[in-house]
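Results of the structural survey
One letter stands for each residue in the lines below.
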Amino acid sequence: MTMASRLLVDVHTHVYLPRYASLLRSRSTVPFIRTNTTADGLSEDRLLILENEPSGGRPVGPQYWDREEKLKFMDKHGIDISVVSTANPWLDFLPAAQAQTLASELNEDLEQYCATSPSTNSSGPYKIKRLYGFGLLPLVPEVSTTSVLRIVNQIASLPHLRGLIMGTRGIGQGLDDEALDPVWAAIEKAGLVVFLHPHYGVDGSAWGDKDNGHVLPLALGFPFETTTSATRLILSGVFDRFPNLRLLLAHSGGALAALSSRLASCIDHDPRAASRLKHDARYYLGKLYLDAVAYGPEELGFVSDVISRSTGYEAGTSISKTPDRSLGSQRMFFGTDHPFFPPLEPSEKWKSVTENLEAIALVQGWSEEDKAGVRGGNAMSLFNLRE
Ligand code: URA
Ligand code: ZN
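The present account deals with the structure reproduced in this document. (Residues numbered from 1 in each chain as written. Chains lettered and ligands numbered in written order. Predicted model: local features only at pLDDT ≥ 70, side-chain atom pairs only at ≥ 80, totals over all residues. Heavy atoms only, no water.)

Let us look at helix H13 (residues 351-362). For H13, which comprises 12 residues, the first-to-last C-alpha distance of 16 Å matches the rise-based estimate of 16 Å (1.5 Å per residue) to within 8%. Regarding H13, the residues found buried are Ser 352, Val 353, Asn 356, Ala 359 and Ile 360. Take H13 and look down its axis: the buried residues cluster within an arc of 130°, on one side only. In H13, those exposed residues whose orientation departs by more than 90 degrees from the buried face are Lys 351 and Leu 362. The inward-facing, buried residues of H13 abut helix H2 (67-76), helix H11 (297-309) and helix H14 (368-382). (Helix = DSSP H or I, 4+ residues; strand = E, 2+ residues; numbered from the N terminus. Expected span 1.5 Å × (residues − 1). Buried < 20%, exposed > 50% of the residue type's maximum accessible area, 1.4 Å probe, protein only. Arc of directions from axis to C-beta. Contact = heavy atoms within 4.5 Å.)

A separate point is the coordination of the zinc ion (ligand 2). Protein-derived ligands of the zinc ion (ligand 2) are His 12 (NE2), His 14 (NE2), His 197 (NE2) and Asp 337 (OD), with the metal-ligand distances lying across 2.0 to 2.2 Å. Between the donor residues of the zinc ion (ligand 2), the gaps in sequence give the motif H-x1-H-x182-H-x139-D. You can call His 12 buried: its relative accessible area is 0%. For His 14, a relative accessible area of 0% corresponds to the buried category. (Donors = N, O, S within 2.8 Å, 3.2 Å for Na, K, Ca; no water.)

Applying the stated criterion to the full structure yields 14 salt bridges. For Arg 272, the salt bridge is made with Asp 270, and the minimal N-O distance between the two is 3.0 Å. Judged by its relative accessible area of 63%, Arg 272 falls in the exposed class. Between Arg 325 and Asp 305 there is a salt bridge whose closest N-O contact spans 2.9 Å. One end of the pair, Arg 325, is in helix H12 (residues 325-329); the other, Asp 305, is in helix H11, and 20 residues separate them in sequence. One salt-bridge network, held together by shared partners, links Arg 19, Glu 105 and Asp 109. (Salt bridge = Lys/Arg side-chain N within 4 Å of Asp/Glu carboxyl O.)

The next point concerns H2. Considered for burial, the residues of H2 that qualify are Arg 67, Glu 69, Lys 70, Leu 71, Phe 73 and Met 74. Packed against the buried residues of H2 are strand E1 (9-15), strand E5 (81-86), helix H3 (96-115), strand E6 (131-136) and H13. Residue Gly 78 follows H2 closely and has a positive phi angle near 70°.

This is how it looks when you write it as structure tokens:
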């Protein structure tokens, strides 16, 4: 194993760049940052980004915008490299012209954030930075395709941006909107990785009236939003039209792995959807990349089984191959979701990190090499992390 393939790489880690944090501070409707004065006269920033935000929002501080804090967090947890993305809700709430200007500025800001970061200690032939990034597109209603394509090209031209983060709304009609085809084509051609990340959750009326804080929207709503969005993408035939599109799903793809055979069966029984697809639905799962932010070894093992199986589902066959966990592991990537999920009590390390690392270490049927791949080797290849 080479030195570089033993690095720990975090592909799911966020920032609100200072320019974006200032925008949030300037607002008084969701999304915004509010400064409160506490009972003992101290000031406290709170982040309100979800509709019907529970419990007056979440406390925020420099972890969310200060690069030194990101690097300190990485040092504390032995993370060599982070591929950093703006956190939700990106530019979704802005008018098209402002979204376009801000996308361009934030992409430049993130390039600087990464380009001026220290190098890793890796002693290979290539110099590797500690920070790389996912850029942002101005995906909002009424934006012109030309503007979005201009930003795809900008991201592709910025050397430390290796992909882009995207929510699930597209330009207002979701990601199965045919109007996005030129965007998928440009992203595929540029070889950028699309990181699909939730923000809206699902209909909050399902959560009942008990105060469970952020638990239901984050534990269930977020992953189910990703599940729905990725399923709609599959059903629209995007992977038949753009077979080399590289799509990384947040939170291990939500419930997609667990529901994929049911999905395939429902498609089989519905000619409207079936006629649009070249393959059994399970085939498309093998085209996905998934983070390993699932917090448990059984879940990671299961997801890697399901995505490895897809090769048994090429057109005209419906024979499931025996799952190959090791093969599936090659499409999975360590992540932390930093700076979200900080420890509630002061603690040396963040549980959200140690739990995800332990989960990787404990997956039955993953070899040491598979685990090293999930910890970082797979990301080194997918993002071509070298200078
Ligand atoms: N909460 C959020 O709002 N975003 C994340 O990425 C994680 C938790
Ligand atoms: Zn996240």
